[in-house]
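Spelled out, the chains give:
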Amino acid sequence: MKRARLIAYYLPQFHPIPENDAVWGKGFTEWTNVAKAKPLFKGHYQPRIPADLGFYDLRLPEIREQQAEMAYEAGVEGFCYWHYWLGNGKMLLQRPFEEVLSSGKPNFPFCLCWANHSWTTKTWTNVKGAPKQQMIAEQTYPGVEDYIAHFNYCLPAFRDSRYITVDGKPLFGIFDPFLFPDMKRFIETWRGLAKDNGLPGIYFYAITPSAWTLRYNEEGKVVRCMPNTNSSADVYHNILQFGFDGLNSNGQRRAEMLYTNKYVDMAQKVMGKLLPFLSGQRFEYRKVVKNMFAPEDDWENIFPTVYPQWDRSPRQGKTDSIYVNSKPEYFRQHLSEAVDMVSKKEPEHRIIFLKSWNEWAEGNYVEPDLRFGHGYLDAIKEVLKEK
C-alpha cells in the first residue's frame, strides 16, 4: 500500500486554440512565455527548458503516454485535469482530455477539477504588447439546465474505469468556491443526477487557501476578513457548509504570511497592486514551505497541497512572488512532511495534491528540465516508496 495518494494537477494548455490565437497571435501556448523568460536577478533560474519531453504539443498521444509513464514510475496516483466549462456549453482546452477519454489511452488514472474562472489577458501580462486586461472567455453560471448539461458532458468520464474515486465516488473539484453564486444548488443537482445514472454519488471538494481574507456570511454573501494563520478551522467549516465532502487546502498564502509577517505581507500585496512597477517578494523555498500546512490539514477530509517550485515571472514579470533555491532534496522533505500529516487518516483519504505536474509558466512542475533532470520525480518515488 502506498504511503499516500498523490494526485497531480495537470494543465492541458500546451496546444494552440482559436481563443488564444485571436488575442496573442497564431500558435500561442504557455511555451511562448516559458521559452523567452529572462533572469530578473543574479542567480534567478530562468529560462526553464524542458528535457525529455521537449516543448511538447498535447495533441500528440505519444506525449500523453510518456507523461503517464513518468508519473506512474514516480508513484503519482493520477492526473487531475483542469476542466474549463464556461457555461452554455462553452469550453476551453478540452481536446487533450477528450482524446484521453475516447481513446482509452494512456491507461492512467484521472479526475477533473473545474477551473471556474474567466479567461482573461491578465494571466499573461508579461506578453509583449498585452492589453491591460481583456476578456477572452467569461465564466458564467446560467442555472440548473446548464448544470445538467455540464453533468452529462462529464458522465462518460465518471463511468470510466480510470476515474479516481474517494469512498467509491468520482472525485470532482471546484477551483474557486467564492466565485460560485449557486453552489448548494449545483452540488444538489449533480448528486441527484449521479443517483439517477447509477453512480454512488460525487465526491465534491473545493480548493481553498488555509489562511484567507474571504468568508461567506450568514446571508451567503462574500465578505472580507482578517486571515488567521494560527487555525484554519473557521475557513474550512465555512466552505464545507455548502455540501462539499472535502477540501484541498492550499497553504501558499499562509506560508508567505508566516515567512515575513502577516501585516507586512498584506501591505506588500496592496502596494504591489497600487504600484505595479515594484518587484514581487522573494521567498527562500526551504523556509517558506515549512509553513505550508495548517494544524487542521490532518482532518480526515482535508487534502493538503505540496509545491515543488514557484516562479510565475514568465507570465507576470517581476510583479509576483518567486520561491528561490528550490531543489529536489528540499521538495523531498516537503513532501515527506505532507505524507506524515496524512498518515493517520483512512487509506482512501490519504490524499495529497501536487501543484503541479506541468505548470511551466508558474515554475511549478515536476517534469524533467535541463537543470534538475528527473530529480523531482525521483524525490516523489523515494518518499512514496519508503517503508
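Reading guide: rules and limits
Residues numbered from 1 in each chain as written. Predicted model: local features only at pLDDT ≥ 70, side-chain atom pairs only at ≥ 80, totals over all residues. Heavy atoms only, no water. Helix = DSSP H or I, 4+ residues; strand = E, 2+ residues; numbered from the N terminus. Rg over C-alpha atoms; globule rule 2.2 N^0.38 Å. Buried < 20%, exposed > 50% of the residue type's maximum accessible area, 1.4 Å probe, protein only. Core = buried A, V, L, I, M, F, W, Y, C linked by side-chain atoms within 4.5 Å. Contact = heavy atoms within 4.5 Å. Salt bridge = Lys/Arg side-chain N within 4 Å of Asp/Glu carboxyl O. Expected span 1.5 Å × (residues − 1). Axes fitted to C-alpha atoms, helices over the stretch in contact; angles between N-to-C directions. Parallel < 35°, antiparallel > 145°, perpendicular 65-115°, else oblique. Left-handed = near helix turned anticlockwise from the far one by under 90°.

Enquirer: Explain the overall build of the protein to me, please; I cannot follow it from the model alone.
Expert: Each helix and strand counted, the protein has 13 helices and 19 strands in total. In terms of overall size, the protein behaves like a compact globule, its C-alpha atoms giving a radius of gyration of 20 Å where 387 residues would be expected to give roughly 21 Å. Along the three orthogonal principal directions, the C-alpha set of the protein runs to about 60 × 50 × 45 Å. Expressed as a percentage of its 387 residues, the buried residues of the protein come to 57%.

Enquirer: Quick question: what am I supposed to make of the nonpolar core here?
Expert: One recurring pattern in soluble globular proteins: nonpolar side chains tend to sit buried together. Grouped together as the largest cluster of nonpolar side chains are 118 residues, with contacts concentrated most on Phe172, Phe186, Trp190, Phe244 and Ile380. Residue contributions to this core peak at 7 residues, all from strand S2 (residues 78-87). When near neighbours in sequence (up to four residues on either side) are disregarded, Phe244 contacts Ile174, Pro177, Met183, Ile187, Phe204, Tyr205, Ala206 and Ile239.

Enquirer: Is there a simple way to think about the pattern of salt bridges in this case?
Expert: Opposite charge on two side chains makes pairing possible when the charged atoms of those side chains draw close. Within the structure shown, the criterion is met by 19 salt bridges. Of the charged contacts in the structure, one is a salt bridge between Arg315 and Glu30, with a shortest N-O distance of 2.5 Å. Of this pair, Arg315 sits in helix H11 (residues 313-316) while Glu30 sits in helix H2 (residues 30-36), and the two are 285 residues apart along the sequence. Each member of the pair, Arg315 together with Glu30, is buried. The shortest N-O distance in the salt bridge between Asp160 and Arg162 comes to 2.9 Å.

Enquirer: When you look at helix H12 (residues 328-342) in this model, what are you seeing that I'm missing?
Expert: Each α-helix winds once per 3.6 residues, and so residues spaced three or four apart point in a common direction. When the terminal C-alpha atoms of H12 are compared, their 21 Å separation across 15 residues agrees well with the 21 Å that a helix rising 1.5 Å per residue should span. For H12, every residue scored as buried is listed here: Pro328, Tyr330, Phe331, His334, Leu335, Ser336, Ala338, Val339 and Val342. Each element contacted by the buried residues of H12 is listed here: strand S1 (5-10), helix H10 (285-288), strand S15 (305-306), strand S17 (351-354) and helix H13 (375-384).

Enquirer: So what exactly am I meant to see when it comes to the packing of helix H5 (residues 144-159) against helix H6 (residues 183-196) here?
Expert: How two helices sit against one another is set out by the angle between their axes and by the gap between those axes. For the pair H5 and H6, the least separation of the axes is 10 Å and the interaxial angle reads 50°. It follows that H5 is oblique to H6 by the angle criterion. Crossing geometry of H5 relative to H6 is assigned as right-handed. Residue-level contacts link Val144, Tyr147, Ile148, His150, Phe151, Cys154 and Phe158 of H5 to Arg185, Phe186, Thr189, Trp190, Leu193 and Ala194 of H6.

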